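Topology and contacts: notes
Each chain is listed here by its residues.
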Amino acid sequence: MTPTPSIHTLLMRTAHRQRGYLRPYLQEIGLSPGQPKVLRCLTWHGPCSQRKLADACEVDPAAICRMLDSMERAGLVRRQPAPGSRREGLVTMTDAGRQAFDAWERQCVQIDGQMLTGFSEQERSQFRDYLLRAYHNMGGQAL
């Protein structure tokens, strides 16, 4: 008799499979792991400080700085001084960043569709709500 896998095991294996499907596409559109999160934050919130990006992406400020350095060199984002502040800068998405993010989102929608084949709209909505509640229960902030 095969044991019933735990929720933890199922989440980890599903996330692993999902990354396996998406990783080649990430490279194809010229993004590195973690960069879609930065572009998503900029899409949702507009220009942001590096600190806000680090918090939203749940990474330390040094990591976001390195990531922004490579994204700026690739032409995906631009850093500029914040109006009225000589110390704080704002990060904005470029047109190339927008195009890369839009391509990434299209691929993610396709993978979500494949993953949720056979789920009704109500089940998809419930599944999303369950995952969001679990995320918040683990200390996750508002997305």
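To be clear, the structure that these remarks concern was listed above.
A brief report on the enclosed structure follows. No experiment lies behind these values; they were computed from the predicted model shown.

1. Observations regarding the packing of aromatic side chains
In the structure shown here, the tally under the stated rule is 1 aromatic pair. Ring centres of Phe119 and Phe127 lie 6.0 Å apart, and the angle between their planes is 55°; on these two criteria the pair is classed as tilted. Take Phe119: its relative accessible area is 34%, and that puts it in the partly exposed class. With a relative accessible area of 32%, Phe127 lands in the partly exposed category.

2. A word on the environment of Gly140
Mapped onto the fold, Gly140 is located in the segment after α6 (121-137). Considering only alpha carbons, one finds Gly140 and Leu68, 72 residues apart in sequence, at a separation of 23 Å. With residues up to four places along the chain from it excluded, the contact list for Gly140 reads Glu58 and Tyr135.

3. Some remarks on the pattern of salt bridges
According to the stated counting rule, one finds 5 salt bridges in the structure shown. Arg40 is the partner of Glu105 in a salt bridge, and the nearest nitrogen-oxygen pair spans 2.4 Å. Of this pair, Glu105 sits in helix α5 (residues 95-115) while Arg40 is found in helix α2 (residues 35-45), placing the two residues 65 residues apart along the sequence. In this structure Glu105 comes out as partly exposed when scored by relative accessible area, which is 25%. We note a salt bridge from Arg79 to Asp69, for which the minimum N-O separation is 2.3 Å. Linking Arg79 in strand β1 (residues 77-81) with Asp69 in helix α4 (residues 61-73), this pair joins segments that are 10 residues apart in sequence. Owing to a relative accessible area of 22%, Arg79 belongs among the partly exposed residues under this scheme. Connected via shared salt-bridge partners are Asp69, Glu72 and Arg79.

4. Topic: the environment of Val77
Position of Val77 among the secondary structure elements: in strand β1. Put simply, Val77 and Ala96 are 19 residues apart on the chain and 8.2 Å apart in space, counted from C-alpha to C-alpha.

Quick notes on the rules
- Residue positions are given per chain, counted from 1 along the sequence in the order it is written.
- Reporting of local features is limited, given that this is a predicted model, to residues whose pLDDT is at least 70; pairs of side-chain atoms are given and counted only at 80 or more, and all residues count toward the totals for whole chains, interfaces and linings.
- Hydrogens and water are ignored here; the side-chain numbers use all heavy atoms of the structure.
- A pair of aromatic rings is counted whenever rings of Phe, Tyr or Trp (Trp by its six-membered ring) have centres within 6.5 Å, and the orientation is called stacked for planes under 30 degrees apart, edge-to-face for over 60 and tilted otherwise.
- Relative accessibility under 20% of the residue-type maximum defines a buried residue, over 50% an exposed one, and the middle range a partly exposed one, all with a 1.4 Å probe and only protein chains included.
- Numbering of helices and strands runs from the N terminus; a helix is a DSSP stretch of H or I covering at least four residues, while a strand is a stretch of E covering at least two.
- A contact between two residues is defined here by any heavy atoms of the two lying within 4.5 Å.
- The salt bridge criterion pairs a side-chain nitrogen of Lys or Arg with a carboxyl oxygen of Asp or Glu, the two atoms within 4 Å.

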